[in-house]
Amino acid sequence: MGRAGKVAGYRGSHNISSDAERLIPAAFERGSILNARRARGTLRRAMADYIAINRANWDSRVPVHLTGYELARFRGDPAFLSGVVRFDLPRLGDVRGQRGVHLQCHIGTDTISLARLGATMSGLDLSPASIAAARALAAELGHGIEFVERDVYGAVEALGAGRFDFVYTGIGALCWLPDVRRWARVVAQLLRPGGRLFIRDGHPFLHTLSDPRPDGVLAVQFPYFETEGTHYREERTYEGDGAPVGSPEMVFFNHGIAEMLDAVRAAGLELQGFEEHESVPWNPLGEACERFGELGEWRMRPGMPRIPMSFTLQARRPG
Ligand SMILES: C[S@@+](CC[C@H](N)C(=O)[O-])C[C@H]1O[C@@H](n2cnc3c(N)ncnc32)[C@H](O)[C@@H]1O
């Protein structure tokens, strides 16, 4: 699979420039408060444009991702399921006959996997190229899935309120959204009374870490709590043939555990379960990680500290 980077969607920070690091100190080095203010202004504008920046970034990953994501296996075996969904299955349970929506569905491999398990699926994503690829793949494989192009925050307007038995999302999802409380309100509105949220995503602690250093010490480089965002540039993506992406800029957001739990509670959802896992489906820390388990996920190799790499959160809208 070749996934690498702390988030499914960006790679190690050695290839990444953060505007906060690059622009502001450079301006101060030149001895000018005015320059620093201008740099901060540039940074704020970049964050305000996060939708346009991230949409262009994800559109440009699609041609590369269409050379990966185990698509040959999806085509060769009508029962094949993505590794992401196979990991979730023991917790997800039987979804046959249920109506589900996959938020931030990208090219639709997890959405199709849930349809193969018997759910009636809708998928939503910001990126037109992702939605076009998801529609084409679902049609080719014979799955009738509704795919809509929309920002997550517009999901209720696009899909309707109270329509779904479950909302499924994760593995590189929350890190693209600036406000986790707003996200949780959207999830709550999409669900019918008694419906449930299922999310497994990268752990916010993992998202704070820099690339491994030569001395093996894991260093905290990025915010743990929700901030106005961090701006990155990354020439290559985590999946596919390794070709460079056309739009390498992106804006990333972290959300602490308590912020997520509080968001779910404030949206009126009841927490049903919260687990931390020692693995993720992509390699987030290069040489510090090893393959693990039947699904070939990644965890810290022996000798490195054991840390949470991902989490599963389940919640329910009261019936
Ligand atoms: C790493 S993928 C997650 C999907 C799934 N785990 C996968 O790997 O196929 C991230 C997806 O989030 C989408 N995305 C980013 N920001 C979004 C937003 N504000 N609203 C809807 N989708 C968004 C991107 O277009 C991309 O397709």
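Residues numbered from 1 in each chain as written. Predicted model: local features only at pLDDT ≥ 70, side-chain atom pairs only at ≥ 80, totals over all residues.

**Quick look at the overall build of the protein chain**
If you tally the helices and strands in the protein chain, you get 10 helices and 11 strands. The buried share of the protein chain, taken over its 319 residues, is 46%. Within the protein chain, contacts between residues at least 6 apart in sequence are counted, and of these 72% link residues at least 24 apart. (Helix = DSSP H or I, 4+ residues; strand = E, 2+ residues; numbered from the N terminus. Buried ≥ 20, exposed ≤ 12 C-beta atoms within 10 Å, placed from the backbone. Contact = placed C-beta atoms within 7 Å.)

**Some details on the site of the ligand**
In the vicinity of the ligand there are 19 residues, among which Trp58, His106, Leu126, Ile171 and Gly172 approach most closely. Of all the secondary-structure elements, those providing two or more residues to the shell around the ligand are α3 (50–65) and α6 (109–116). (Near = placed C-beta within 6 Å.)

**Thoughts on the packing of α3 against helix α7 (residues 128–141)**
Relative orientation of the contacting elements α3 and α7 amounts to 35°, with a least axis distance of 7 Å. Listed contacts from α7 to Trp58, Asp59 and Val62 of α3 are Pro128, Ala129, Ser130 and Ala133. Grouping the constituent residues of the contact of α3 with α7 by class yields 5 nonpolar, 1 polar and 1 charged. (Axes fitted to C-alpha atoms, helices over the stretch in contact; angles between N-to-C directions. Nonpolar A, V, L, I, M, F, W, Y, C, P; charged D, E, K, R; others polar.)

**Here's the deal with the environment of serine 82**
Mapping serine 82 onto the fold places it in the loop between α4 (71–76) and α5 (83–92). With 30 residues separating them along the chain, serine 82 and isoleucine 112 place their C-alpha atoms 8.7 Å apart. Excluding residues within four positions of it along the chain, serine 82 makes contact with Thr109, Asp110 and Ser113.

**Some details on α6**
Each turn of an α-helix holds 3.6 residues, which means side chains three or four residues apart point in the same direction. Of all 8 residues in α6, 7 are buried, a share of seventy percent or more. Every buried residue belonging to α6 is among Thr109, Asp110, Thr111, Ile112, Ser113, Leu114 and Ala115, and all of these are buried. On its buried face, α6 is in contact with α4, α5, β1 (99–103), β2 (120–125), α7 and β4 (164–170). Where α6 ends, the next residue or the one after it, glycine 118, has phi of about 105°, a positive value.

**Observations concerning unusual backbone geometry**
One non-glycine residue with positive phi stands out, namely tyrosine 69, at about 55°. The topology assignment puts tyrosine 69 in the loop between α3 and α4. The residue histidine 106 is not glycine, and still its phi comes out positive at about 50°.

**Here we look at the sheet that holds β2**
Here we have 7 strands laid out as an open sheet, ordered β3-β2-β1-β4-β5-β11-β8, and mixed in their pairing. Lying at the two open borders of the sheet, with one neighbouring strand each, are β3 (146–149) and β8 (270–277). Sheet twist, expressed as the mean angle between neighbouring strand axes with direction ignored, is 15°. In terms of strand pairing, β1 meets β2 through 5 bridges, oriented parallel. (Pairing = 2+ DSSP bridges.)

**Concerning the environment of serine 310**
Position of serine 310 relative to the elements: it lies in strand β11 (residues 310–316). Discounting chain neighbours no more than four positions away, the residues touching serine 310 are Arg200, Asp201, Gly202, His203, His277, Ser279 and Val280.

**Describing helix α10 (residues 257–266)**
Within α10, burial applies to Met260, Ala263 and Val264. On an axial view of α10, the arc spanned by its buried residues comes to 95°, and they lie on one face. Packed against the buried residues of α10 are α9 (180–190), β8 and β11. Phi for glycine 268, located one or two positions after α10, is positive at around 90°. (Arc of directions from axis to C-beta.)

**Some remarks on the nonpolar core**
Ala134, Val167, Trp183, Ala184, Val187 and Leu190 are the most contacted members of the largest nonpolar core, which totals 65 residues. If you tally residues by element for this core, the top one is α9, at 7 residues. With sequence-adjacent residues up to four places away left out, alanine 134 is seen in contact with Cys105, Ile107, Gly108, Thr111, Gly123 and Phe147. Judged by nonpolar contacts, the second largest core, of 10 residues, contains Tyr238, Ala288, Trp298 and Met309. (Core = buried A, V, L, I, M, F, W, Y, C linked by C-beta atoms within 7 Å.)

**Here we look at the packing of α9 against α10**
Interaxial distance between α9 and α10 falls to 8 Å at its minimum, and their mutual angle equals 40°. Looking at the two axes, α9 sits oblique to α10. In this structure, α9 meets α10 at a crossing whose hand is right-handed. Residue-level contacts link Val180, Arg181, Trp183 and Ala184 of α9 to Glu259, Met260, Ala263, Val264 and Ala266 of α10. Among the residues forming the contact of α9 with α10, the class breakdown is 7 nonpolar, no polar and 2 charged. (Parallel < 35°, antiparallel > 145°, perpendicular 65-115°, else oblique. Left-handed = near helix turned anticlockwise from the far one by under 90°.)

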